[in-house]
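Coordinate inspection notes
Spelled out from the first residue to the last, the chains are:
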Amino acid sequence: MSGHGPLLCRGCAGRLYAVCITDHSGGNTAGQWEVDHEMPGECPLAGLLPLTGTAVDVHDLPGAEEVLGPPF
């Protein structure tokens, strides 16, 4: 998992949280991610969240380019 700045939603500009669980056995670097709004509210992308999946970095998740604002 690599570090990243604050995550913002492309749909509502709200802050997102990201949780990653990584099993490092066997040299594994990919983690299981969950990304969602910190504060629930109206968002046109609500149907795409929570964003979940396995990736090395949160920006590598399938669908991340549709949901996550540009990295800082």
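This text gives an overview of the structure that appears in the document. (Residues numbered from 1 in each chain as written. Predicted model: local features only at pLDDT ≥ 70, side-chain atom pairs only at ≥ 80, totals over all residues. Heavy atoms only, no water.)

Inspection of every chain in the model, using the stated rule, returns one salt bridge. For Glu-38, the salt bridge goes to Arg-15, with nearest N and O atoms at 3.8 Å. Within this pair, whereas Glu-38 is found in the loop between β3 (31-37) and β4 (51-55), its partner Arg-15 is found in strand β2 (residues 15-21), the two being separated by 23 residues in sequence. For Glu-38, a relative accessible area of 41% gives the class partly exposed. Relative accessible area serves as the criterion here: at 45%, Arg-15 is assigned to the partly exposed category. (Salt bridge = Lys/Arg side-chain N within 4 Å of Asp/Glu carboxyl O. Helix = DSSP H or I, 4+ residues; strand = E, 2+ residues; numbered from the N terminus. Buried < 20%, exposed > 50% of the residue type's maximum accessible area, 1.4 Å probe, protein only.)

Before going further, it helps to spend a moment on the side chain of Asp-36. Inspection of the secondary structure assignment puts Asp-36 in strand β3. Despite its burial, Asp-36 remains without a salt bridge, the nearest opposite charge being carried by Arg-15 at 13 Å. Those residues in contact with Asp-36 that sit more than four places away from it in its chain are Arg-15, Leu-16, Tyr-17, Leu-49 and Pro-50. (Lys, Arg positive; Asp, Glu negative; His and termini not counted. Contact = heavy atoms within 4.5 Å.)

Moving on, we come to the pairing of β2. Pairing between strand β1 (residues 7-8) and β2: two bridges, direction antiparallel. Bridge pairing in β2 places Leu-7 opposite Leu-16. Between the antiparallel neighbours β1 and β2 lie six residues, among them Ala-13 with a positive phi of about 65°. As paired strands, β2 and β3 are joined by six bridges and run antiparallel to one another. Looking at the pairing, Val-19 lines up with Glu-34 of β3. (Pairing = 2+ DSSP bridges.)

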